[in-house]
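Structure at a glance
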Amino acid sequence: EWTLAHWPQVTSVGGYSCRSINGNNNVTSIHAVGRAVDIFIPLDGGQADNDLGDALANYLLVHADEIGIQRVIWDRTYWRAGDSPREGEYGGAHPHHDHLHVELSVDAANERTPFFQAGLPAPDRGPCGDPLPAAGGQVDDGDACFGAFGPAQYWRSEGGAGVGGDLLWTNAFGGANPSNWAMWRFRLRQAGEYTVQVHTVAAFSRFNAARYEVVHAGGVARPVVNLANRDGWTDLGTWRFQPDAEYSVKLFDNYSPDPGDDVHLTADAIRLR
C-alpha cells in the first residue's frame with residue numbers, strides 16, 4: 001500500500017506465495033513466509049525501464065536500515081544487507097526486469113523497525129522548487145512540485161488541453177480509501193492569506209463532489225467541490241500560509257456513495273492568489 005501510494009510508476013505489488021524460488025524446487029522462497037514483495041514496473045520495449053525502476057530501487061537501498069530490507073533484486077542485479085553489504089550480477093531463472101523483488105527482515109515483518117514504528121512515513125523528496133512570490137503563483141501537473149500517485153494505468157494523460165498544454169485525469173469511484181490521488185506542493189516567500197484555486201477542463205471534469213485536502217498554516221481543510229463540466233479556475237477556499245514552510249493540495253479519487261461510471265476528475269494545475 002505504501003509503495004502504490006507514493007511511487008506512481010508501480011503498477012501492482014505481489015506478496016505472499018507459498019512456493020519455492022524460480023528455477024530451484026529445493027529452496028523455499030521468502031515469499032512463502034510472507035517477508036517478500038514483488039513490485040512491478042512497466043517494461044520499456046521488452047526490457048527493464050531503468051528510468052522508472054532505478055529511482056525506487058535506489059530509495060529502498062538508501063533507506064534499507066530504516067525500513068528493514070535485507071535483499072533487493074532488480075534488472076539482473078542483487079543487493080544484500082548485512083555487516084558487509086554485497087551487490088552483484090543476479091543469475092537466477094527470472095531476470096527481474098519487470099519487477100523489484102524486496103525481502104524484509106524478521107524485525108521489519110513484525111513492524112519493529114523505525115519505518116514501521118513511525119507509521120510508514122512518506123518519502124522525503126526534499127524541496128521541489130523555489131517559493132512562490134508574494135503575489136502568489138501556480139503549480140502545474142508538469143512541474144517538479146506535482147505528483148500523481150497510485151496505479152499508473154488509471155491515470156490518463158491528455159495533450160492540447162489544460163494549463164501548460166496538458167493535464168491528467170482519472171475516474172472517481174465509491175470506496176473508503178483512495179486508489180489514485182494527486183498532490184501539488186508549494187512554499188511561499190511571504191506570509192498572508194491566499195485563495196487557493198484549481199484549474200479544470202469541462203471535457204475531463206464531470207464530478208460534482210471532487211474531494212480535496214489543503215494543508216495550510218492553521219491545519220488541514222477538506223473542501224468538496226462541484227467541478228462538473230467546469231472550465232477554468234475554481235476557488236477551493238482562502239487560508240493563511242507562512243513563509244518557507246511546505247504546504248500541499250491533494251485530490252482523491254474515492255467518494256461515498258459510489259458516483260457511477262466515467263465520472264472524470266481533472267488533475268491539472270493549482271493557483272494561489
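This paragraph deals with the overall build of the protein chain. Tallying secondary structure elements over the protein chain gives five helices and 23 strands in all. With respect to the principal axes defined by its C-alpha atoms, the protein chain has extents near 60 × 40 × 35 Å. A fraction of 70% describes how many contacts in the protein chain between residues 6 or more apart in sequence connect residues 24 or more apart. As presented, the protein chain carries roughly 13500 Å² of accessible surface, and 45% of it is formed by carbon and sulfur atoms. The centroid of the 20 positive side-chain charges in the protein chain is displaced by 4 Å from the centroid of its 34 negative side-chain charges.

Here we take up the pattern of salt bridges. Applying the stated rule across the entire model yields six salt bridges. Close ionic contact of Arg112 with Asp107 constitutes a salt bridge, the shortest N to O distance being 2.7 Å. In this structure Arg112 comes out as partly exposed when scored by relative accessible area, which is 47%. Measuring nitrogen to oxygen at the nearest pair gives 3.2 Å for the salt bridge that ties Glu246 to Arg185. A residue pair is termed long-range when its members are at least 10 positions apart, and Glu246 in the loop between strand S19 (232-241) and strand S20 (247-252) and Arg185 in strand S14 (residues 181-186) qualify at 61 residues.

The three strands lie next to each other as S11-S12-S22, forming an open sheet whose pairing is antiparallel. The open sheet has two edge strands, strand S11 (156-159) and strand S22 (264-267), and neither has a second partner. Looking at each pair of strands side by side, their axes are set apart by 35° on average, direction ignored. Looking at chain direction, S11 and strand S12 (residues 166-171) are connected through four bridges and run antiparallel. Bridged to Ser157 within S12 is Leu168.

Ordered by their spatial adjacency, four strands build an open sheet running S9-S23-S15-S19, and the pairing between neighbours is antiparallel. At either margin of the open sheet sits one strand with a lone partner, and together these are strand S9 (137-140) and S19. Across the sheet, the axes of successive neighbouring strands diverge by a mean angle of 20°, strand direction being ignored. Sheet analysis places strand S15 (residues 192-200) next to S19, joined by nine bridges and oriented antiparallel. Its bridge partner lying in S19, Thr195 is registered against Thr238.

Of the pockets and cavities examined, the largest pocket occupies roughly 400 Å³. In terms of lining residues, the largest pocket is bounded by 16 residues, among which Glu1, Trp2, Thr3, Val37 and Phe116 are the most central. For the lining of the largest pocket, the secondary-structure elements that each account for two or more residues are helix H1 (2-6), strand S4 (36-40), helix H2 (50-62), strand S8 (99-104) and helix H5 (114-117). Counting residues per element, the lining of the largest pocket draws most heavily on H1, at three residues. Per-class residue counts for the lining of the largest pocket are 14 nonpolar, one polar and one charged.

Inspection of the entire model under this criterion finds 13 aromatic pairs. Ring plane angle 85° and centroid distance 5.2 Å describe the contact between Phe115 and Phe116, whose orientation is recorded as edge-to-face. Exposure class is identical for Phe115 and Phe116. Each is buried. In this structure an aromatic cluster arises from ring pairing among Trp2, Trp7, Tyr59, Phe115 and Phe116.

Criteria and cut-off values
- Residue indices follow the written sequence of each chain, beginning from 1 at its first position.
- Residues qualify for local features only when their pLDDT is at least 70, as the model is predicted, and side-chain atom pairs are given and counted only at 80 or more; totals for whole chains, interfaces and linings, by contrast, use all residues.
- Calculation of side-chain values draws on the structure's entire complement of heavy atoms; hydrogens and water are dropped beforehand.
- In this description a helix means any DSSP run of H or I spanning at least four residues, a strand means any run of E spanning at least two, and both kinds are numbered starting from the N terminus.
- The contact definition used throughout considers only heavy atoms, calling two residues in contact when any of these lie within 4.5 Å.
- Accessible surface area values rest on a Shrake-Rupley calculation with a 1.4 Å probe, where residue burial reflects the displayed protein chains alone.
- The positive count covers Lys and Arg only, the negative count covers Asp and Glu only, and His and the chain ends enter neither.
- Here the site of a charge means atom NZ of a Lys, CZ of an Arg, CG of an Asp or CD of a Glu.
- Each reported salt bridge corresponds to a side-chain nitrogen of Lys or Arg within 4 Å of a carboxyl oxygen of Asp or Glu.
- Buried, partly exposed and exposed residues are distinguished by accessible area as a fraction of the type maximum, computed with a 1.4 Å probe on protein chains only: under 20%, between the cut-offs, and over 50%, respectively.
- By this definition, two strands are paired if DSSP reports at least two bridges between them.
- Axis geometry follows a simple rule: fit a line to the C-alpha atoms, using only the stretch in contact for helices, then measure angles between N-to-C directions, giving values from 0 to 180 degrees.
- Only protein atoms enter the calculation, which uses a 1 Å grid: trapped sets of points that fit a 1.4 Å probe without letting it out are cavities, open sets showing protein on both sides within 12 Å along at least five of seven lines are pockets, and any residue with an atom within 4 Å of a point is a lining residue.
- Grid points are joined across faces, edges and corners, and a volume is the space filled by probe spheres set on the points.
- Gly is put with the polar residues, along with every residue not named as nonpolar or charged; the nonpolar set is Ala, Val, Leu, Ile, Met, Phe, Trp, Tyr, Cys and Pro, and the charged set is Asp, Glu, Lys and Arg.
- Two aromatic rings, drawn from Phe, Tyr or Trp (for Trp, its six-membered ring), form a pair once their centres lie within 6.5 Å of each other, and the interplanar angle then sorts them: stacked below 30 degrees, edge-to-face above 60, tilted otherwise.

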